[in-house]
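# Working through the structure, step by step
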Amino acid sequence: MYGVWTPEQVRAAEEPVLARTPDGALMRRAARGVAQVALGELERRTGGVSGRRVVVLAGAGNNGGDGLWAGYELRRRGVAVTAVLLSPDRAHPAGLAALRRQKGRVLLRVESGVLAIERADLVLDAVVGTGARGGLRPEAAALADAAATAGVPVLAVDTPSGVDPLTGVPGEDSVQAAATVTFGARKPVHVLAAPRCGPVTLVDIGIGPELPPPPVRVLEAADVGARWPVPGPGDDKYTQGVVGVAAGSATYPGAAVLASGAAALSTSGMVRYAGSAADEVRAAWPEIVATDTVGEAGRVQAWVVGPGLGTDDAGARTLGDVLDAGLPVLADADAVTLLGTHAELRERARNAPVLITPHAGEFARVAELTDDRVASAQRAAADLGVTVLLKGNATIVAAPDGRTLVHPAGSAWLATAGSGDVLSGVAGALLAAGLDPWWAGGCAAFVHARAADIGAGAADGPGSPVPASFVQQALPRAIREVREAVR
Ligand SMILES: NC(=O)C1=CN([C@@H]2O[C@H](COP(=O)(O)OP(=O)(O)OC[C@H]3O[C@@H](n4cnc5c(N)ncnc54)[C@H](O)[C@@H]3O)[C@@H](O)[C@H]2O)[C@@H](O)CC1
Ligand SMILES: Nc1ncnc2c1ncn2[C@@H]1O[C@H](COP(=O)(O)OP(=O)(O)O)[C@@H](O)[C@H]1O
Ligand SMILES: [K+]
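Treat the numbers as computed from the prediction; the structure is a model and nothing was measured. (Residues numbered from 1 in each chain as written. Chains lettered and ligands numbered in written order. Predicted model: local features only at pLDDT ≥ 70, side-chain atom pairs only at ≥ 80, totals over all residues.)

## Details of the overall build of the protein chain
Within the protein chain, the secondary structure is distributed over 20 helices and 18 strands. For 487 residues, the compact-globule estimate of 2.2 N^0.38 gives 23 Å, and the protein chain sits close to it at 25 Å. Principal axes of the C-alpha set define a box for the protein chain whose edges measure 80 × 45 × 40 Å. Looking at the protein chain alone, contacts between residues at least 24 apart form 71% of all its contacts between residues at least 6 apart. (Helix = DSSP H or I, 4+ residues; strand = E, 2+ residues; numbered from the N terminus. Rg over C-alpha atoms; globule rule 2.2 N^0.38 Å. Contact = placed C-beta atoms within 7 Å.)

So this is what it looks like as C-alpha coordinates:
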(Lines give C-alpha, C1' and ligand atoms only; values in the text may rest on other atoms or scores of the structure.)
(Ligands and ions follow the chains in the order given, each with its own letter.)
Protein backbone atom coordinates (compact mmCIF):
# COMPACT_ATOMS: atom_id res chain seq x y z
CA MET A 1 0.00 0.00 0.00
CA TYR A 2 1.30 3.42 -0.74
CA GLY A 3 -0.01 6.92 -0.09
CA VAL A 4 -0.97 9.85 -2.26
CA TRP A 5 -0.91 13.43 -0.97
CA THR A 6 -2.52 16.60 -2.29
CA PRO A 7 -0.30 19.33 -3.78
CA GLU A 8 -1.24 21.52 -0.82
CA GLN A 9 -0.08 18.90 1.69
CA VAL A 10 3.16 18.42 -0.21
CA ARG A 11 3.82 22.17 -0.22
CA ALA A 12 3.16 22.33 3.52
CA ALA A 13 5.55 19.43 4.12
CA GLU A 14 8.24 21.10 2.00
CA GLU A 15 8.16 24.30 4.04
CA PRO A 16 10.01 23.16 7.18
CA VAL A 17 12.50 21.22 5.04
CA LEU A 18 13.16 24.31 2.89
CA ALA A 19 13.62 26.36 6.06
CA ARG A 20 16.30 24.05 7.48
CA THR A 21 18.24 23.24 4.31
CA PRO A 22 20.52 25.54 2.28
CA ASP A 23 18.85 27.60 -0.42
CA GLY A 24 18.09 25.52 -3.51
CA ALA A 25 19.15 22.21 -1.96
CA LEU A 26 15.71 20.63 -2.37
CA MET A 27 15.45 21.65 -5.98
CA ARG A 28 18.94 20.29 -6.69
CA ARG A 29 17.90 16.95 -5.18
CA ALA A 30 14.77 16.89 -7.31
CA ALA A 31 16.75 17.83 -10.43
CA ARG A 32 19.34 15.11 -9.84
CA GLY A 33 16.46 12.63 -9.66
CA VAL A 34 15.07 13.90 -12.96
CA ALA A 35 18.48 13.70 -14.62
CA GLN A 36 18.99 10.15 -13.42
CA VAL A 37 15.66 9.00 -14.88
CA ALA A 38 16.33 10.96 -18.09
CA LEU A 39 19.71 9.24 -18.47
CA GLY A 40 18.05 5.88 -17.98
CA GLU A 41 15.46 6.69 -20.65
CA LEU A 42 18.16 7.82 -23.11
CA GLU A 43 20.23 4.72 -22.47
CA ARG A 44 17.23 2.43 -22.88
CA ARG A 45 15.86 4.16 -25.96
CA THR A 46 19.07 5.10 -27.83
CA GLY A 47 21.76 2.91 -26.31
CA GLY A 48 23.77 5.81 -24.88
CA VAL A 49 23.74 9.28 -23.34
CA SER A 50 26.71 11.26 -24.62
CA GLY A 51 25.75 13.52 -27.52
CA ARG A 52 22.07 12.60 -27.22
CA ARG A 53 19.68 15.55 -27.54
CA VAL A 54 17.34 16.64 -24.77
CA VAL A 55 14.98 19.62 -24.96
CA VAL A 56 13.77 21.13 -21.68
CA LEU A 57 10.46 23.02 -21.79
CA ALA A 58 10.92 25.41 -18.87
CA GLY A 59 8.03 27.37 -17.35
CA ALA A 60 8.14 30.32 -14.98
CA GLY A 61 7.88 28.61 -11.61
CA ASN A 62 9.88 26.14 -9.56
CA ASN A 63 8.91 23.32 -11.92
CA GLY A 64 10.82 25.18 -14.63
CA GLY A 65 13.67 25.52 -12.12
CA ASP A 66 13.75 21.74 -11.68
CA GLY A 67 13.93 21.34 -15.46
CA LEU A 68 16.77 23.84 -15.90
CA TRP A 69 18.79 22.28 -13.09
CA ALA A 70 18.14 18.84 -14.56
CA GLY A 71 19.42 20.22 -17.88
CA TYR A 72 22.57 21.33 -16.07
CA GLU A 73 23.09 17.83 -14.64
CA LEU A 74 22.55 16.28 -18.08
CA ARG A 75 25.09 18.66 -19.67
CA ARG A 76 27.64 17.44 -17.14
CA ARG A 77 27.07 13.94 -18.52
CA GLY A 78 27.71 15.07 -22.09
CA VAL A 79 24.09 15.35 -23.19
CA ALA A 80 23.30 18.12 -25.71
CA VAL A 81 20.70 20.18 -23.82
CA THR A 82 18.46 22.87 -25.25
CA ALA A 83 16.08 24.77 -22.97
CA VAL A 84 13.05 26.55 -24.37
CA LEU A 85 11.98 29.31 -21.98
CA LEU A 86 8.22 29.85 -21.94
CA SER A 87 8.42 33.04 -19.85
CA PRO A 88 11.97 34.27 -20.49
CA ASP A 89 11.81 37.14 -17.94
CA ARG A 90 10.63 34.83 -15.18
CA ALA A 91 12.80 31.77 -15.78
CA HIS A 92 14.37 30.39 -12.59
CA PRO A 93 17.52 32.54 -12.31
CA ALA A 94 19.87 30.05 -10.62
CA GLY A 95 18.78 27.15 -12.83
CA LEU A 96 19.17 29.20 -15.98
CA ALA A 97 22.60 30.49 -14.93
CA ALA A 98 23.75 26.94 -14.13
CA LEU A 99 22.62 25.62 -17.50
CA ARG A 100 24.33 28.49 -19.30
CA ARG A 101 27.54 27.84 -17.35
CA GLN A 102 27.54 24.29 -18.68
CA LYS A 103 27.06 25.61 -22.23
CA GLY A 104 23.46 24.53 -22.55
CA ARG A 105 21.61 26.16 -25.45
CA VAL A 106 18.76 28.49 -24.54
CA LEU A 107 15.94 29.36 -26.93
CA LEU A 108 13.32 32.04 -26.48
CA ARG A 109 11.11 31.43 -29.52
CA VAL A 110 8.55 28.69 -29.92
CA GLU A 111 9.38 28.21 -33.62
CA SER A 112 13.02 27.41 -32.85
CA GLY A 113 11.84 25.22 -29.97
CA VAL A 114 9.71 23.18 -32.36
CA LEU A 115 12.71 22.63 -34.67
CA ALA A 116 14.84 21.50 -31.71
CA ILE A 117 12.13 19.11 -30.54
CA GLU A 118 11.88 17.50 -33.97
CA ARG A 119 15.54 16.45 -33.68
CA ALA A 120 15.44 15.52 -29.98
CA ASP A 121 15.77 12.12 -28.32
CA LEU A 122 13.82 13.19 -25.23
CA VAL A 123 11.78 16.18 -24.06
CA LEU A 124 11.59 17.22 -20.40
CA ASP A 125 8.25 18.77 -19.57
CA ALA A 126 9.02 21.35 -16.87
CA VAL A 127 6.28 23.77 -17.88
CA VAL A 128 4.25 23.59 -14.68
CA GLY A 129 4.02 21.27 -11.70
CA THR A 130 1.88 21.43 -8.62
CA GLY A 131 1.33 25.17 -9.03
CA ALA A 132 -0.56 24.63 -12.29
CA ARG A 133 -3.93 26.11 -13.12
CA GLY A 134 -5.84 24.94 -16.20
CA GLY A 135 -4.58 23.52 -19.45
CA LEU A 136 -1.43 24.43 -21.37
CA ARG A 137 -1.23 27.93 -22.76
CA PRO A 138 -0.85 28.17 -26.56
CA GLU A 139 2.97 28.34 -26.68
CA ALA A 140 3.45 25.33 -24.42
CA ALA A 141 0.67 23.54 -26.29
CA ALA A 142 2.50 24.05 -29.61
CA LEU A 143 5.68 22.55 -28.14
CA ALA A 144 3.89 19.57 -26.58
CA ASP A 145 2.15 19.04 -29.88
CA ALA A 146 5.48 19.09 -31.73
CA ALA A 147 6.81 16.33 -29.46
CA ALA A 148 3.69 14.24 -29.99
CA THR A 149 3.76 14.72 -33.77
CA ALA A 150 7.46 13.90 -34.02
CA GLY A 151 7.02 10.89 -31.73
CA VAL A 152 9.60 12.19 -29.25
CA PRO A 153 9.03 10.77 -25.75
CA VAL A 154 8.27 13.25 -22.98
CA LEU A 155 9.52 12.85 -19.43
CA ALA A 156 7.22 14.86 -17.15
CA VAL A 157 8.85 16.69 -14.27
CA ASP A 158 6.62 16.15 -11.23
CA THR A 159 3.34 16.13 -13.20
CA PRO A 160 2.35 16.16 -16.89
CA SER A 161 1.66 19.85 -17.53
CA GLY A 162 -1.88 20.81 -18.43
CA VAL A 163 -3.35 17.93 -16.40
CA ASP A 164 -4.78 19.08 -13.08
CA PRO A 165 -2.46 17.79 -10.32
CA LEU A 166 -5.32 17.36 -7.84
CA THR A 167 -8.12 15.93 -9.98
CA GLY A 168 -6.21 14.41 -12.90
CA VAL A 169 -8.55 16.13 -15.35
CA PRO A 170 -6.70 17.18 -18.53
CA GLY A 171 -7.17 20.71 -19.81
CA GLU A 172 -7.92 21.36 -23.44
CA ASP A 173 -4.20 21.00 -24.22
CA SER A 174 -2.00 18.87 -22.01
CA VAL A 175 1.13 16.75 -22.02
CA GLN A 176 1.06 13.01 -22.70
CA ALA A 177 4.09 11.74 -20.82
CA ALA A 178 6.00 8.55 -21.54
CA ALA A 179 7.19 8.62 -17.93
CA THR A 180 7.05 10.92 -14.92
CA VAL A 181 9.49 11.74 -12.10
CA THR A 182 7.90 13.09 -8.96
CA PHE A 183 9.35 14.36 -5.71
CA GLY A 184 8.68 13.73 -2.05
CA ALA A 185 5.26 12.12 -2.49
CA ARG A 186 2.95 10.85 -5.18
CA LYS A 187 0.16 13.27 -6.01
CA PRO A 188 -3.44 12.42 -7.03
CA VAL A 189 -2.77 12.99 -10.75
CA HIS A 190 -0.36 10.03 -10.73
CA VAL A 191 -3.13 7.58 -9.88
CA LEU A 192 -6.20 9.40 -11.23
CA ALA A 193 -4.60 10.01 -14.63
CA ALA A 194 -2.04 7.19 -14.62
CA PRO A 195 -2.22 6.70 -18.41
CA ARG A 196 -1.20 10.37 -18.85
CA CYS A 197 1.86 9.93 -16.61
CA GLY A 198 3.32 6.61 -17.73
CA PRO A 199 5.47 4.86 -15.13
CA VAL A 200 6.09 7.17 -12.16
CA THR A 201 9.44 7.31 -10.34
CA LEU A 202 9.35 8.78 -6.83
CA VAL A 203 12.47 10.70 -5.79
CA ASP A 204 13.10 11.12 -2.07
CA ILE A 205 13.75 14.78 -1.23
CA GLY A 206 13.52 14.30 2.52
CA ILE A 207 9.97 15.54 3.18
CA GLY A 208 8.58 12.12 4.17
CA PRO A 209 8.64 12.71 7.95
CA GLU A 210 6.74 16.00 7.49
CA LEU A 211 3.80 14.44 5.63
CA PRO A 212 0.48 13.79 7.43
CA PRO A 213 -1.24 10.39 7.13
CA PRO A 214 -2.11 9.95 3.45
CA PRO A 215 -5.61 11.13 2.50
CA VAL A 216 -5.69 8.57 -0.32
CA ARG A 217 -4.14 5.13 -0.46
CA VAL A 218 -3.37 2.73 -3.28
CA LEU A 219 -3.44 -1.02 -2.71
CA GLU A 220 -0.69 -3.26 -4.03
CA ALA A 221 -0.97 -6.94 -4.93
CA ALA A 222 0.37 -8.15 -1.59
CA ASP A 223 -2.20 -6.07 0.38
CA VAL A 224 -4.96 -7.74 -1.58
CA GLY A 225 -3.42 -11.21 -1.44
CA ALA A 226 -2.98 -11.00 2.33
CA ARG A 227 -6.70 -10.32 2.82
CA TRP A 228 -8.08 -12.73 0.26
CA PRO A 229 -10.18 -15.32 2.12
CA VAL A 230 -8.99 -18.90 1.84
CA PRO A 231 -10.47 -21.90 3.64
CA GLY A 232 -8.67 -23.42 6.61
CA PRO A 233 -8.70 -27.06 7.74
CA GLY A 234 -11.67 -26.45 10.01
CA ASP A 235 -13.84 -24.75 7.41
CA ASP A 236 -16.85 -26.05 5.61
CA LYS A 237 -19.01 -24.50 2.90
CA TYR A 238 -20.99 -22.43 5.41
CA THR A 239 -18.29 -21.15 7.74
CA GLN A 240 -16.54 -19.11 5.06
CA GLY A 241 -19.56 -16.94 4.43
CA VAL A 242 -22.38 -17.64 1.99
CA VAL A 243 -23.15 -14.91 -0.51
CA GLY A 244 -26.64 -14.34 -1.89
CA VAL A 245 -27.11 -12.76 -5.30
CA ALA A 246 -30.38 -10.98 -6.07
CA ALA A 247 -29.90 -9.93 -9.66
CA GLY A 248 -31.11 -10.44 -13.21
CA SER A 249 -34.58 -10.25 -14.70
CA ALA A 250 -36.41 -11.72 -17.67
CA THR A 251 -34.76 -9.05 -19.83
CA TYR A 252 -31.30 -9.38 -18.25
CA PRO A 253 -30.63 -12.95 -17.16
CA GLY A 254 -26.99 -12.53 -18.19
CA ALA A 255 -26.29 -10.10 -15.35
CA ALA A 256 -27.33 -12.82 -12.89
CA VAL A 257 -25.05 -15.39 -14.53
CA LEU A 258 -22.07 -12.99 -14.59
CA ALA A 259 -22.49 -11.77 -11.01
CA SER A 260 -23.22 -15.10 -9.35
CA GLY A 261 -20.55 -16.92 -11.38
CA ALA A 262 -18.00 -14.29 -10.40
CA ALA A 263 -18.97 -14.80 -6.76
CA ALA A 264 -18.51 -18.55 -7.13
CA LEU A 265 -15.02 -18.02 -8.56
CA SER A 266 -13.94 -15.51 -5.91
CA THR A 267 -14.17 -17.35 -2.63
CA SER A 268 -14.65 -20.93 -1.58
CA GLY A 269 -17.87 -21.82 0.21
CA MET A 270 -21.25 -21.21 -1.27
CA VAL A 271 -23.31 -18.94 -3.51
CA ARG A 272 -27.09 -18.68 -3.43
CA TYR A 273 -29.02 -17.02 -6.22
CA ALA A 274 -32.51 -15.54 -5.84
CA GLY A 275 -34.45 -14.20 -8.82
CA SER A 276 -36.13 -14.81 -12.12
CA ALA A 277 -32.97 -16.07 -13.83
CA ALA A 278 -32.71 -19.15 -11.61
CA ASP A 279 -32.82 -21.53 -14.61
CA GLU A 280 -30.08 -19.69 -16.49
CA VAL A 281 -27.88 -19.50 -13.39
CA ARG A 282 -28.30 -23.24 -12.63
CA ALA A 283 -27.52 -24.13 -16.23
CA ALA A 284 -24.32 -22.08 -16.26
CA TRP A 285 -23.23 -22.82 -12.65
CA PRO A 286 -24.54 -26.14 -11.30
CA GLU A 287 -22.86 -25.45 -7.94
CA ILE A 288 -25.01 -22.39 -7.29
CA VAL A 289 -28.17 -22.96 -5.25
CA ALA A 290 -30.89 -21.03 -7.05
CA THR A 291 -34.37 -20.01 -5.92
CA ASP A 292 -36.95 -17.58 -7.29
CA THR A 293 -37.14 -15.12 -4.39
CA VAL A 294 -34.99 -13.63 -1.65
CA GLY A 295 -37.44 -15.03 0.94
CA GLU A 296 -36.82 -18.61 -0.24
CA ALA A 297 -33.06 -18.26 -0.49
CA GLY A 298 -32.01 -19.55 2.92
CA ARG A 299 -29.29 -18.04 5.09
CA VAL A 300 -26.51 -15.92 3.67
CA GLN A 301 -23.88 -13.64 5.21
CA ALA A 302 -24.09 -10.88 2.58
CA TRP A 303 -26.23 -9.90 -0.39
CA VAL A 304 -25.36 -8.66 -3.86
CA VAL A 305 -28.32 -6.79 -5.24
CA GLY A 306 -28.97 -4.86 -8.40
CA PRO A 307 -27.30 -6.03 -11.62
CA GLY A 308 -30.07 -6.41 -14.22
CA LEU A 309 -32.66 -6.25 -11.42
CA GLY A 310 -34.95 -3.64 -12.98
CA THR A 311 -36.11 -0.42 -11.35
CA ASP A 312 -39.81 -1.24 -11.06
CA ASP A 313 -41.75 -1.96 -7.85
CA ALA A 314 -40.57 -5.56 -7.78
CA GLY A 315 -36.96 -4.37 -7.90
CA ALA A 316 -37.61 -1.89 -5.09
CA ARG A 317 -39.21 -4.64 -2.98
CA THR A 318 -36.21 -6.92 -3.52
CA LEU A 319 -33.80 -4.15 -2.51
CA GLY A 320 -35.92 -3.39 0.56
CA ASP A 321 -35.98 -7.09 1.59
CA VAL A 322 -32.25 -7.34 1.23
CA LEU A 323 -31.57 -4.15 3.21
CA ASP A 324 -33.89 -5.31 5.97
CA ALA A 325 -31.94 -8.54 6.42
CA GLY A 326 -29.38 -6.57 8.47
CA LEU A 327 -26.45 -8.08 6.57
CA PRO A 328 -23.67 -6.49 4.52
CA VAL A 329 -25.05 -5.52 1.12
CA LEU A 330 -23.44 -4.75 -2.20
CA ALA A 331 -25.80 -2.51 -4.19
CA ASP A 332 -24.94 -2.11 -7.86
CA ALA A 333 -26.57 -0.85 -11.06
CA ASP A 334 -30.39 -0.78 -10.73
CA ALA A 335 -30.09 -0.93 -6.94
CA VAL A 336 -28.12 2.34 -7.05
CA THR A 337 -30.76 3.89 -9.28
CA LEU A 338 -33.46 2.75 -6.84
CA LEU A 339 -31.55 4.34 -3.96
CA GLY A 340 -31.61 7.56 -5.97
CA THR A 341 -35.38 7.49 -6.46
CA HIS A 342 -36.49 6.07 -3.07
CA ALA A 343 -35.61 8.18 -0.05
CA GLU A 344 -36.88 5.48 2.33
CA LEU A 345 -34.52 2.91 0.82
CA ARG A 346 -31.64 5.37 1.26
CA GLU A 347 -32.59 5.68 4.92
CA ARG A 348 -32.59 1.88 5.34
CA ALA A 349 -29.12 1.73 3.77
CA ARG A 350 -27.68 4.51 5.93
CA ASN A 351 -25.11 3.43 8.51
CA ALA A 352 -25.43 -0.22 7.49
CA PRO A 353 -22.44 -2.13 6.05
CA VAL A 354 -23.45 -1.22 2.50
CA LEU A 355 -21.13 -0.88 -0.50
CA ILE A 356 -22.56 0.83 -3.56
CA THR A 357 -20.75 0.46 -6.89
CA PRO A 358 -22.03 3.08 -9.34
CA HIS A 359 -20.54 4.13 -12.65
CA ALA A 360 -20.55 7.89 -13.25
CA GLY A 361 -24.13 7.94 -14.56
CA GLU A 362 -25.49 5.95 -11.63
CA PHE A 363 -23.44 8.01 -9.19
CA ALA A 364 -25.10 11.20 -10.44
CA ARG A 365 -28.47 9.74 -9.40
CA VAL A 366 -27.44 9.57 -5.74
CA ALA A 367 -24.95 12.43 -5.33
CA GLU A 368 -23.27 15.33 -7.10
CA LEU A 369 -20.34 14.38 -9.32
CA THR A 370 -17.76 17.09 -10.00
CA ASP A 371 -14.37 17.02 -11.75
CA ASP A 372 -12.91 16.15 -8.34
CA ARG A 373 -13.99 12.52 -8.36
CA VAL A 374 -12.21 11.72 -5.09
CA ALA A 375 -13.92 14.54 -3.20
CA SER A 376 -17.25 13.63 -4.82
CA ALA A 377 -16.98 10.00 -3.68
CA GLN A 378 -15.91 11.09 -0.18
CA ARG A 379 -18.85 13.48 0.11
CA ALA A 380 -21.31 10.88 -1.16
CA ALA A 381 -20.01 8.30 1.35
CA ALA A 382 -20.34 10.74 4.24
CA ASP A 383 -23.78 12.01 3.18
CA LEU A 384 -25.30 8.61 2.37
CA GLY A 385 -23.61 6.75 5.21
CA VAL A 386 -22.46 3.93 2.90
CA THR A 387 -19.14 3.00 1.28
CA VAL A 388 -18.98 4.25 -2.30
CA LEU A 389 -17.01 2.61 -5.11
CA LEU A 390 -17.02 4.98 -8.08
CA LYS A 391 -16.10 3.07 -11.24
CA GLY A 392 -13.87 4.26 -14.01
CA ASN A 393 -10.34 3.92 -15.37
CA ALA A 394 -9.34 4.96 -11.87
CA THR A 395 -11.76 3.40 -9.40
CA ILE A 396 -12.32 5.27 -6.14
CA VAL A 397 -13.45 3.63 -2.92
CA ALA A 398 -14.51 5.97 -0.11
CA ALA A 399 -15.86 4.90 3.28
CA PRO A 400 -18.15 7.08 5.42
CA ASP A 401 -15.31 7.39 7.97
CA GLY A 402 -13.12 9.07 5.31
CA ARG A 403 -10.84 6.16 4.34
CA THR A 404 -10.23 6.50 0.61
CA LEU A 405 -8.41 4.44 -1.96
CA VAL A 406 -7.85 4.76 -5.67
CA HIS A 407 -7.23 1.83 -7.96
CA PRO A 408 -5.79 2.77 -11.34
CA ALA A 409 -6.65 0.05 -13.88
CA GLY A 410 -3.70 -1.23 -15.91
CA SER A 411 -5.70 -0.88 -19.13
CA ALA A 412 -9.15 0.14 -20.34
CA TRP A 413 -10.24 -3.35 -21.47
CA LEU A 414 -12.80 -3.39 -18.66
CA ALA A 415 -14.87 -0.87 -20.59
CA THR A 416 -17.11 -3.69 -21.83
CA ALA A 417 -20.72 -4.61 -21.14
CA GLY A 418 -21.23 -6.83 -18.13
CA SER A 419 -17.85 -6.29 -16.52
CA GLY A 420 -19.54 -4.36 -13.72
CA ASP A 421 -21.72 -7.40 -12.98
CA VAL A 422 -18.54 -9.43 -12.54
CA LEU A 423 -17.17 -6.83 -10.09
CA SER A 424 -20.34 -6.96 -8.00
CA GLY A 425 -20.06 -10.73 -7.61
CA VAL A 426 -16.43 -10.50 -6.51
CA ALA A 427 -17.06 -7.72 -4.00
CA GLY A 428 -20.18 -9.42 -2.63
CA ALA A 429 -18.29 -12.65 -2.04
CA LEU A 430 -15.66 -10.72 -0.10
CA LEU A 431 -18.35 -9.03 2.03
CA ALA A 432 -19.81 -12.44 2.84
CA ALA A 433 -16.36 -13.64 3.86
CA GLY A 434 -16.20 -10.84 6.42
CA LEU A 435 -14.17 -8.08 4.76
CA ASP A 436 -15.43 -4.62 5.60
CA PRO A 437 -16.97 -2.77 2.64
CA TRP A 438 -13.91 -0.58 2.03
CA TRP A 439 -11.52 -3.52 1.86
CA ALA A 440 -14.03 -5.60 -0.11
CA GLY A 441 -14.37 -2.81 -2.69
CA GLY A 442 -10.63 -2.20 -2.92
CA CYS A 443 -9.64 -5.88 -3.17
CA ALA A 444 -12.43 -6.58 -5.68
CA ALA A 445 -11.45 -3.62 -7.89
CA PHE A 446 -7.83 -4.75 -7.87
CA VAL A 447 -8.49 -8.37 -8.83
CA HIS A 448 -11.19 -7.38 -11.34
CA ALA A 449 -8.85 -5.05 -13.24
CA ARG A 450 -6.09 -7.64 -13.16
CA ALA A 451 -8.46 -10.31 -14.46
CA ALA A 452 -9.32 -8.03 -17.38
CA ASP A 453 -5.65 -7.63 -18.27
CA ILE A 454 -5.11 -11.37 -18.01
CA GLY A 455 -8.25 -12.12 -20.05
CA ALA A 456 -7.21 -9.59 -22.68
CA GLY A 457 -3.71 -11.03 -22.88
CA ALA A 458 -2.47 -7.56 -21.90
CA ALA A 459 -0.28 -9.19 -19.29
CA ASP A 460 2.18 -10.41 -21.97
CA GLY A 461 1.43 -8.09 -24.89
CA PRO A 462 -0.75 -5.24 -26.05
CA GLY A 463 -3.89 -7.32 -25.59
CA SER A 464 -7.16 -7.71 -27.45
CA PRO A 465 -10.81 -7.04 -26.55
CA VAL A 466 -12.09 -9.14 -23.70
CA PRO A 467 -15.78 -9.88 -23.07
CA ALA A 468 -17.02 -9.86 -19.48
CA SER A 469 -17.25 -13.69 -19.42
CA PHE A 470 -13.53 -13.88 -20.11
CA VAL A 471 -12.87 -11.40 -17.30
CA GLN A 472 -14.91 -13.71 -15.08
CA GLN A 473 -12.92 -16.75 -16.21
CA ALA A 474 -9.61 -15.00 -15.51
CA LEU A 475 -10.52 -14.34 -11.87
CA PRO A 476 -8.83 -17.49 -10.51
CA ARG A 477 -5.50 -16.54 -12.12
CA ALA A 478 -5.77 -12.97 -10.84
CA ILE A 479 -6.46 -14.27 -7.33
CA ARG A 480 -3.49 -16.66 -7.51
CA GLU A 481 -1.29 -13.75 -8.57
CA VAL A 482 -2.21 -11.53 -5.63
CA ARG A 483 -1.79 -14.46 -3.23
CA GLU A 484 1.65 -15.17 -4.70
CA ALA A 485 2.63 -11.55 -4.09
CA VAL A 486 2.39 -12.10 -0.32
CA ARG A 487 5.80 -12.71 1.14
N1 LIG B 1 9.65 24.37 -3.28
C2 LIG B 1 10.73 23.69 -3.69
O3 LIG B 1 11.88 23.98 -3.37
C4 LIG B 1 10.56 22.56 -4.54
C5 LIG B 1 9.67 22.65 -5.59
N6 LIG B 1 9.61 21.68 -6.51
C7 LIG B 1 9.00 21.93 -7.82
O8 LIG B 1 8.21 23.07 -7.79
C9 LIG B 1 6.95 22.82 -8.40
C10 LIG B 1 5.95 23.78 -7.87
O11 LIG B 1 6.47 25.05 -8.17
P12 LIG B 1 5.60 26.38 -8.19
O13 LIG B 1 4.79 26.46 -6.96
O14 LIG B 1 6.54 27.48 -8.48
O15 LIG B 1 4.60 26.17 -9.35
P16 LIG B 1 4.78 25.64 -10.85
O17 LIG B 1 6.15 25.78 -11.33
O18 LIG B 1 4.15 24.32 -10.90
O19 LIG B 1 3.79 26.62 -11.63
C20 LIG B 1 3.62 27.97 -11.29
C21 LIG B 1 4.04 28.87 -12.41
O22 LIG B 1 3.47 28.48 -13.63
C23 LIG B 1 2.57 29.46 -14.14
N24 LIG B 1 1.40 28.74 -14.62
C25 LIG B 1 0.35 28.27 -13.91
N26 LIG B 1 -0.50 27.60 -14.70
C27 LIG B 1 0.04 27.61 -15.94
C28 LIG B 1 -0.37 27.08 -17.18
N29 LIG B 1 -1.50 26.39 -17.28
N30 LIG B 1 0.41 27.27 -18.26
C31 LIG B 1 1.56 27.97 -18.16
N32 LIG B 1 2.00 28.51 -17.01
C33 LIG B 1 1.24 28.34 -15.91
C34 LIG B 1 2.30 30.39 -13.00
O35 LIG B 1 2.09 31.68 -13.49
C36 LIG B 1 3.55 30.28 -12.17
O37 LIG B 1 4.53 31.16 -12.62
C38 LIG B 1 6.71 21.37 -8.13
O39 LIG B 1 5.81 20.80 -9.03
C40 LIG B 1 8.11 20.81 -8.27
O41 LIG B 1 8.38 20.55 -9.63
C42 LIG B 1 10.67 20.68 -6.48
O43 LIG B 1 11.79 21.29 -7.00
C44 LIG B 1 10.94 20.24 -5.10
C45 LIG B 1 11.41 21.40 -4.28
N1 LIG C 1 -11.93 3.18 -19.44
C2 LIG C 1 -11.90 2.27 -18.49
N3 LIG C 1 -10.74 1.81 -18.02
C4 LIG C 1 -10.70 0.88 -17.04
N5 LIG C 1 -11.79 0.35 -16.47
C6 LIG C 1 -12.98 0.76 -16.89
C7 LIG C 1 -13.11 1.74 -17.91
N8 LIG C 1 -14.43 1.94 -18.14
C9 LIG C 1 -15.09 1.12 -17.28
N10 LIG C 1 -14.23 0.41 -16.54
C11 LIG C 1 -14.57 -0.58 -15.50
O12 LIG C 1 -15.45 -1.53 -16.07
C13 LIG C 1 -16.53 -1.83 -15.20
C14 LIG C 1 -17.82 -1.41 -15.88
O15 LIG C 1 -18.90 -1.52 -15.02
P16 LIG C 1 -20.37 -1.01 -15.44
O17 LIG C 1 -20.29 0.37 -15.98
O18 LIG C 1 -21.25 -1.26 -14.27
O19 LIG C 1 -20.73 -1.95 -16.67
P20 LIG C 1 -21.88 -3.04 -16.86
O21 LIG C 1 -23.12 -2.46 -16.25
O22 LIG C 1 -22.01 -3.24 -18.34
O23 LIG C 1 -21.46 -4.28 -16.18
C24 LIG C 1 -16.21 -1.10 -13.90
O25 LIG C 1 -15.50 -1.94 -13.03
C26 LIG C 1 -15.33 0.05 -14.35
O27 LIG C 1 -14.45 0.50 -13.33
K1 LIG D 1 5.65 19.34 -15.52
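## A look at the site of ligand 1
With respect to spatial proximity, 27 residues lie near ligand 1, and among them G61, N62, N63, G129 and G131 are the closest. Classifying every residue of the shell around ligand 1 by side-chain character gives 13 nonpolar, 9 polar and 5 charged. (Near = placed C-beta within 6 Å. Nonpolar A, V, L, I, M, F, W, Y, C, P; charged D, E, K, R; others polar.)

## Some thoughts on the site of ligand 2
Near ligand 2, the surroundings consist of 17 residues, among which K391, A412, L414, A415 and G420 are the closest. Here the shell around ligand 2 gets 4 residues from one element, more than from any other, and that element is helix 17 (residues 419–432). Tallied by class, the residues present in the shell around ligand 2 amount to 7 nonpolar, 8 polar and 2 charged.

## Examining the pairing of strand 5 (residues 122–126)
On a regular strand, each side chain points to the face opposite its neighbour's, so the side chains alternate between the two faces of the sheet. The element strand 5 is extensively covered by neighbouring structure, given that 5 of its 5 residues are classed as buried. Pairing of strand 2 (residues 53–58) with strand 5, which is carried by 5 bridges, proceeds in the parallel orientation. The residue bridging V54 from the neighbouring strand is L122, located in strand 5. For strand 5 and strand 6 (residues 154–157), the ladder comprises 3 bridges, and the chain directions are parallel. Within strand 6, the residue paired with D125 across the bridge is A156. (Buried ≥ 20, exposed ≤ 12 C-beta atoms within 10 Å, placed from the backbone. Pairing = 2+ DSSP bridges.)

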